[in-house]
Amino acid sequence: MALSNISVPFQFPPLPSSSSSSSNFKTFFSPSKLFPICCSKSPSFSAADKEDDGGTAAAKPPRRLSEQSSWEAKDSEGKDYLYRLGAEADNINITVGARAGVIDDLFVGDFLGKDSDIVFDYRQKATRSFEYLQGDYYIAPLFMDKVACHLVKNYLARLLNIKIPLVLGIWGGKGQGKTFQTELIFKTMGVEPVIMSAGELESEKAGEPGRLIRERYRTASQVVQNQGKMSCLVINDIDAGLGRFGNTQMTVNNQIVVGTLMNLSDNPTRVSVGQDWRQADITHRVPVIVTGNDFSTLYAPLIREGRMEKFYWQPTREDIVNIVSRMYEKDGISREHIVSIVDQFPNQALDFYGALRSRTYDRAILKVLHHFVKCFYIG
């Protein structure tokens, strides 16, 4: 093997004589001279030397810490994953390096289970599955057609060459069952929505509600991507949080929320939550459903036809009879009695008949209590 190309190992310079001053000693061993020598590369071999060695000195890929280590992971653009997470503003991703299979198994113990964050699954559950809706409820066909068509149409948006509004606005009188009918449809279709209320549309921090809407929208998109289930974003009573009533004040958060919803309608696949903009960050299109009583109090460009499809819900007499019949079905009341009740109290919302049923149970419970009191004092 040729040794002509091997670099000569470093030799310390001769020590200065005793007559030399201390300044000369500092000059020989100054950091500016020692640093390039100490940090020089190891002896290099030429291509001919590698062939003479039989290829033993062939170039090898850099050794990774572990195949499961997230310290050297790359994102979709080939950049360092942890560096990108650190560069993002207000990063709240706590799952990196906290679960088995993500970090080295050396640091995954069994005393708290394989997941170091033992309450992660419960705290991160942002969707609704409606297990509490037990029983046979009536769903109005017109309501079902409108909601189901809006959901499916948005999931097929990339296959249809038409303009599809992202938002479905369901509005109508109070107590007409808008929210309850929507939840029944979600349970029937197997949809796991992310639900917000009007109380979350205002905050003491400027911009927080708009950011929350974008985060919930991306959460619904992750349900579609990771679980393979249909999902949507639901905002109940939106006019209570964004509507203008009398002399109410328009705040910065109101403007940002309106702007966020308008931007979602115009760009449903590009949603940022404040991190560095990435060209490869594409979000699944997720339909949005909002409910309210009076949409005339909302910002007019938000409810225009291109962005929001509006559905006025006013149940007919047949719908009311069917819904109340299912409500009283367990009580053994016939449909003829339900029809007489509806005719006796016309032009009433559905919540009136629910309150009427609750008052019936109140009277029955009071009778039982009076009976026990009489038996206790007489006995």
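Residues numbered from 1 in each chain as written. Predicted model: local features only at pLDDT ≥ 70, side-chain atom pairs only at ≥ 80, totals over all residues. Heavy atoms only, no water.

## Remarks on the nonpolar core
Inference 1: With 57 residues, the main nonpolar core has Val147, Phe186, Ile238 and Ile289 as its most contacted residues.
Inference 2: The leading source of residues in this core is helix 10 (residues 252–266), at five residues.
Inference 3: Leaving out residues up to four positions away in the same chain, Phe186 has contacts with Phe130, Val147, Leu151, Val191, Pro193, Cys232, Val234 and Ile289. (Core = buried A, V, L, I, M, F, W, Y, C linked by side-chain atoms within 4.5 Å. Buried < 20%, exposed > 50% of the residue type's maximum accessible area, 1.4 Å probe, protein only. Helix = DSSP H or I, 4+ residues; strand = E, 2+ residues; numbered from the N terminus. Contact = heavy atoms within 4.5 Å.)

## A look at the confidence of the model for the protein chain
Low pLDDT means the predicted coordinates in that region are not meant to be read closely.
Inference 1: Considering every residue of the protein chain, the mean pLDDT works out to 77; 67% of them sit at 70 or more.
Inference 2: Note that residues 33–52 has pLDDT below 50 and, in this model, 17 contacts with residues that lie over four places away or in other chains.
Inference 3: Low confidence marks residues 116–124, where pLDDT is under 50. Its contacts with residues over four positions away, or in another chain, come to nine contacts. (pLDDT = per-residue confidence, 0-100.)

## Observations regarding the sheet that holds strand 5 (residues 308–312)
Inference 1: In space, the five strands of this open sheet follow the order 2-3-4-1-5, with parallel pairing throughout. Each edge of the open sheet carries a strand with a single partner, namely strand 2 (194–197) and strand 5. Strand after strand, the sheet turns through a mean of 20 degrees between neighbouring axes, direction not considered.
Inference 2: Pairing between strand 1 (residues 167–171) and strand 5: five bridges, direction parallel. Its bridge partner lying in strand 5, Leu168 is registered against Glu309.
Inference 3: Packing of helix 8 (residues 208–227) onto the sheet brings it into contact with strand 2, strand 3 (233–236) and strand 4 (288–292), and relative to strand 2 it is tilted by some 160 degrees. (Pairing = 2+ DSSP bridges. Axes fitted to C-alpha atoms, helices over the stretch in contact; angles between N-to-C directions.)

## Re helix 12 (residues 335–344)
Inference 1: Among the residues making up helix 12, those that are buried are Ile338, Ile341 and Val342. Down the axis of helix 12, the sector holding all buried residues measures 95 degrees, keeping them to one side. Turned more than 90 degrees from where helix 12 packs its buried face, Glu336 and Gln344 sit exposed. (Arc of directions from axis to C-beta.)

## Comments concerning the packing of aromatic side chains
Inference 1: Applying the stated rule across the entire model yields eight aromatic pairs.
Inference 2: Relative to Phe180, the ring of Tyr137 has its centre 5.2 Å away and its plane inclined at 85 degrees; by these criteria the two rings are edge-to-face. Residue Tyr137 is located in the loop between helix 5 (120–123) and helix 6 (141–155), and its partner Phe180 is located in helix 7 (residues 178–189); the two are separated by 43 residues in the primary sequence.
Inference 3: Among the residues examined, Tyr137 registers a relative accessible area of 37% and is labelled partly exposed.
Inference 4: A relative accessible area of 34% places Phe180 in the partly exposed class.
Inference 5: A ring pair is formed by Phe352 and Tyr353, whose centres lie 5.3 Å apart and whose planes are at 80 degrees; its orientation type is edge-to-face.
Inference 6: The exposure class assigned to Phe352 is partly exposed, which follows from its relative accessible area of 24%.
Inference 7: An aromatic cluster of three or more residues is present, and its members are Phe143, Phe311 and Trp313.
Inference 8: The cationic tip of Arg357 hangs over the ring face of Tyr328; the distance from NZ or CZ to the ring centre is 6.0 Å. (Phe/Tyr/Trp six-rings, centres within 6.5 Å; stacked < 30°, edge-to-face > 60°. Lys NZ or Arg CZ within 6 Å of the ring centre and 35° of its normal.)

## Let's talk about the environment of Tyr299
Inference 1: Secondary-structure assignment places Tyr299 in the loop between strand 4 and strand 5.
Inference 2: By relative accessible area, which is 47% here, Tyr299 ends up partly exposed.
Inference 3: Note: C-alpha distance between Tyr299 and Gln255 (44 residues apart in sequence) is 9.2 Å.
Inference 4: When neighbours within four sequence positions are excluded, Tyr299 is seen to be in contact with Val258 and Met262.

## Let's talk about the pattern of salt bridges
Side chains that differ in charge, positive against negative, can pair when their charged atoms come close.
Inference 1: Applying the stated criterion to the full structure yields 11 salt bridges.
Inference 2: The partner of Glu309 in a salt bridge is Lys146, with the nearest N and O atoms 3.0 Å apart. Placement of the pair is Glu309 in strand 5 and Lys146 in helix 6, with a sequence separation of 163 residues.
Inference 3: Since its relative accessible area comes to 17%, Glu309 is described here as buried.
Inference 4: Overall, the relative accessible area of 27% leaves Lys146 in the partly exposed class.
Inference 5: A salt bridge links Arg335 to Glu318; its shortest N-O distance comes to 3.2 Å. Taken as a pair, Arg335 in helix 12 and Glu318 in helix 11 (residues 317–327) lie far apart in primary sequence, 17 residues in all.
Inference 6: The class of Arg335 is partly exposed, set by a relative accessible area of 38%.
Inference 7: For Glu318, a relative accessible area of 44% corresponds to the partly exposed category.
Inference 8: Members of the salt-bridge network, linked through shared partners, are Lys146, Lys153 and Glu309. (Salt bridge = Lys/Arg side-chain N within 4 Å of Asp/Glu carboxyl O.)

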